[in-house]
Amino acid sequence: MGEFVRVEINDGIGTIRLERPPMNALNSVVQEELRAAAQATTADPGVKAVIVYGGEKVFAAGADIKEMAGMSYADMADRAVELSGALGAIARIPKPVVAAITGYALGGGCELALACDWRVVADDAKLGQPEIKLGVIPGAGGTQRLARLVGPARAKDIILSGRMVDAQEALRIGLADRVVPADRVYAEAVALVTPYVDGPTQAVRAAKLAIDGGLEMDLASGLAWESQLFAALFATDDRREGMAAFVEKRKPDFTGR
């Protein structure tokens, strides 16, 4: 759908594929195309789950440093908001989203992976936030999403050092959810989200909203948010079908309505 990012849909799974060789650097064009891809997969009722994939060799090795090197504070004050918003659009897709990571997921590439719900990682992949080595910090969610995922102490270690994290360490600290051989990464990502294709779409959406939204609230507010979403599902066909199927001891036939 764009010069560097395209969306492929197969069997209810939408794949957002980066194609900017050799390293899928996230320049401003790629950022805006990612935003458009997130909006397209969100709006398409035929897409039940999403995979973000950089191809067989590399996920994304970071932002385009050549593009940023000549920017002033005033330039970046505007662009940083757009960069964060583009990856935020991926995080806000109201459907299960998995990053299929081969090669490198560094800097903005790691932040893109962090915007997904899960990360399937090749056993020889490297992840990290090396921005400190350029005299800056992660600017598209790295300091916030990484800390929420692996805890503040581990996030500080990774971000302040700028070091790379291998696949096994990523799995151990929760940065990766599955580690497989590189040639199986995409297939494993498909396997991870396939169960959601025929699931109760509105309930899956509500569960994701409840968890993600609740992380930004105190417990009492989060519980109230959960209660609202729970009650709202009683207006759906899938809730009626799911409960009827349970009572009748059969498999439910969800329609996504």
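Preceding this paragraph is the structure being described.
*Asks:* Help me understand the packing of helix H1 (residues 28-43) against helix H3 (residues 73-91) in this model?
*Replies:* Taken N-terminus to C-terminus, the directions of H1 and H3 make an angle of 35°; their axes are 8 Å apart at the nearest point. By crossing handedness, the relation of H1 to H3 is classed as left-handed. Contacts from Ser28, Gln31, Glu32, Leu34, Arg35 and Ala38 of H1 reach H3 at Arg79, Glu82, Leu83, Gly85, Ala86, Leu87, Ala89 and Ile90. Residue classes in the contact of H1 with H3 are distributed as seven nonpolar, three polar and four charged.

*Asks:* Would you mind showing me how to read the pattern of salt bridges here?
*Replies:* Opposite charge on two side chains makes pairing possible when the charged atoms of those side chains draw close. Using the criterion set out here, one finds 16 salt bridges in the structure. For the salt bridge of Arg184 with Glu188, the shortest nitrogen-to-oxygen distance reads 3.7 Å. Its relative accessible area of 43% is what places Arg184 among the partly exposed residues. Between Arg250 and Glu241 there is a salt bridge, with the nearest N and O atoms lying 2.6 Å from each other. With a relative accessible area of 35%, Arg250 lands in the partly exposed category. Look at the salt bridges and you will find they share partners, linking Arg6, Glu8, Arg17 and Glu19 into a network.

*Asks:* Would you take a moment to explain the sheet that holds strand S9 (residues 178-180) for this structure?
*Replies:* Strand pairing in a sheet relies on backbone hydrogen bonds, with the paired strands running either antiparallel or parallel. The mixed open sheet is built from six strands, whose spatial order is S1-S2-S3-S4-S6-S9. Two strands lie at the open edges of the sheet, namely strand S1 (5-10) and S9, each paired on one side alone. Averaged over all pairs of adjacent strands, the angle between their axes in this sheet comes to 20°, without regard to strand direction. Taken together, the five bridges between strand S2 (residues 13-18) and strand S3 (residues 49-53) define a ladder with parallel strand orientation. The residue of S3 that forms the bridge with Arg17 is Tyr53.

Definitions and cut-offs
- Residues numbered from 1 in each chain as written.
- Predicted model: local features only at pLDDT ≥ 70, side-chain atom pairs only at ≥ 80, totals over all residues.
- Heavy atoms only, no water.
- Axes fitted to C-alpha atoms, helices over the stretch in contact; angles between N-to-C directions.
- Helix = DSSP H or I, 4+ residues; strand = E, 2+ residues; numbered from the N terminus.
- Left-handed = near helix turned anticlockwise from the far one by under 90°.
- Contact = heavy atoms within 4.5 Å.
- Nonpolar A, V, L, I, M, F, W, Y, C, P; charged D, E, K, R; others polar.
- Salt bridge = Lys/Arg side-chain N within 4 Å of Asp/Glu carboxyl O.
- Buried < 20%, exposed > 50% of the residue type's maximum accessible area, 1.4 Å probe, protein only.
- Pairing = 2+ DSSP bridges.

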